[in-house]
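So you can see what is in the structure, the chains are spelled out below.
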Amino acid sequence: MNIHIDTLAYSNRLRHLPPHQKLWFALVVLLLALVAHSPVQIVIFVWMSAWIAIYAGIPRQVYGSMLLGVLIFLVTSLPALVIEYASSISPEMQVDSLWQMDVWGGQIYLSYQGSIRAIELMIRCLASTSVLFFIVLTIPAIDLATTCQKIGCPPILIELSLLIYRLIFLLADTAQTIITAQVSRGGYRTHRLRMNSLNLLVRQLIQRTASRYQQLTLGVKARGFEQEFRFWQPQSYQYSRRYA
């Protein structure tokens, strides 16, 4: 992704709202998305998408690419719910089967109940993911950590979350740099070169990420780290009664 999440979180149109107001709003909607039925979850997904793309002003192509990544994971997990195998044909299987095929002396069939569960799971995941995207794209990591610190979250949990969040960007930047260098040298022209390039990518990614993480650790210690992160919020926020 060409635009970093941090850039969008600091430049969105809802930046002036207090982080706790956006966080509590998202948590309530997330709870509703987890316990409600599919029609309500569809409304939540459309509503949160409108908050992200219209109210917050997040570019639609960025939000769409993030949703596409989630959909890929969802689609790859659906066969485990939809496809079933039976060694013998039963009346229940005949009723539940949408499509079947003889394999290995038994029947592989497409389950009707499994399809219903898969559709419900996909709708619930999309609704919940849209709420989480709202948190990630409208609340900067530092503001989120400060809010969690104010409501009494354990400091070790906040610090680990920030370090992992930072490590994700280190992995992405390092991988992009290595892939660009390999492509410029023709490292993916044939199947053999592609396998060698992927092997080299994994090894270099581990080595360079470990090295950059050590540099990050040394930088934190050089700035007088005292076993607890301190956060500073220079921006003043305006509580919105209308959005409340």
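The text that follows walks through the structure, step by step, so that each part is easy to find.

Rules used in this analysis
Residues numbered from 1 in each chain as written. Predicted model: local features only at pLDDT ≥ 70, side-chain atom pairs only at ≥ 80, totals over all residues. Heavy atoms only, no water. Helix = DSSP H or I, 4+ residues; strand = E, 2+ residues; numbered from the N terminus. Buried < 20%, exposed > 50% of the residue type's maximum accessible area, 1.4 Å probe, protein only. Contact = heavy atoms within 4.5 Å. Areas by Shrake-Rupley, 256 points an atom, 1.4 Å probe, with all protein chains shown as cover. Phe/Tyr/Trp six-rings, centres within 6.5 Å; stacked < 30°, edge-to-face > 60°. Patch = residues over 30% accessible without salt bridge, like charges linked within 9 Å, V, L, I, M, F, W, Y side chains within 5 Å. Salt bridge = Lys/Arg side-chain N within 4 Å of Asp/Glu carboxyl O. Core = buried A, V, L, I, M, F, W, Y, C linked by side-chain atoms within 4.5 Å. Axes fitted to C-alpha atoms, helices over the stretch in contact; angles between N-to-C directions. Parallel < 35°, antiparallel > 145°, perpendicular 65-115°, else oblique. Left-handed = near helix turned anticlockwise from the far one by under 90°. Nonpolar A, V, L, I, M, F, W, Y, C, P; charged D, E, K, R; others polar.

### Some words on the overall build of the protein
Inference 1: Along the protein, the regular secondary structure elements total 10 helices and three strands.
Inference 2: When the helices and strands of the protein are placed in sequence order, the string is α-α-α-α-α-β-α-β-β-α-α-α-α.
Inference 3: Split into buried and exposed, the 244 residues of the protein put 34% on the buried side.
Inference 4: Looking at the protein alone, contacts between residues at least 24 apart form 69% of all its contacts between residues at least 6 apart.
Inference 5: Taken as a whole, the protein presents about 15800 Å² of accessible surface, with 64% of it coming from carbon and sulfur.

### A word on the packing of aromatic side chains
Inference 1: A full pass over the atoms with the stated rule returns seven aromatic pairs.
Inference 2: Considering the side-chain rings of Phe25 and Phe134, the 5.6 Å spacing of their centres and the 80° angle between planes classify their relative orientation as edge-to-face. Here Phe134 lies in helix H7 (residues 112–138) and Phe25 lies in helix H2 (residues 19–35), a separation of 109 residues in the sequence.
Inference 3: A relative accessible area of 1% places Phe134 in the buried class.

### Examining a nonpolar patch on the surface
Inference 1: A surface patch of nonpolar side chains, about 460 Å² in accessible area, is lined by Leu31, Leu32, Leu34, Val35 and Val40.
Inference 2: Here Leu34 lies in helix H2.

### Digging into the nonpolar core
Inference 1: Counting residues in each nonpolar core, the largest one holds 30 residues, and the members touching the most others are Ile44, Ile52, Val131, Phe133, Phe134 and Leu137.
Inference 2: Breaking this core down by element, the ones donating at least two residues are helix H1 (5–11), H2, helix H3 (38–55), helix H4 (60–77) and H7.
Inference 3: A total of seven residues in this core trace back to one element, the largest contributor, which is H7.
Inference 4: Apart from the residues within four sequence positions on either side, Val131 is in contact with Ala26, Val29, Leu30, Ile44 and Met48.

### Description of the packing of H3 against H7
Inference 1: The interhelical angle for the contact between H3 and H7, taken along N-to-C directions, is 25°, at an axis separation of 9 Å. Looking at the two axes, H3 sits roughly parallel to H7. Here the hand of the crossing between H3 and H7 comes out left-handed. Of the residues in H7, those touching H3 at Ser38, Gln41, Ile42, Ile44, Phe45, Met48, Trp51 and Ile52 are Glu120, Ile123, Arg124, Leu126, Ala127, Ser130, Val131, Phe133, Phe134 and Leu137.
Inference 2: Of the residues in the contact of H3 with H7, the class split is 13 nonpolar, three polar and two charged.

Taken by themselves, the reported measurements are silent on function.
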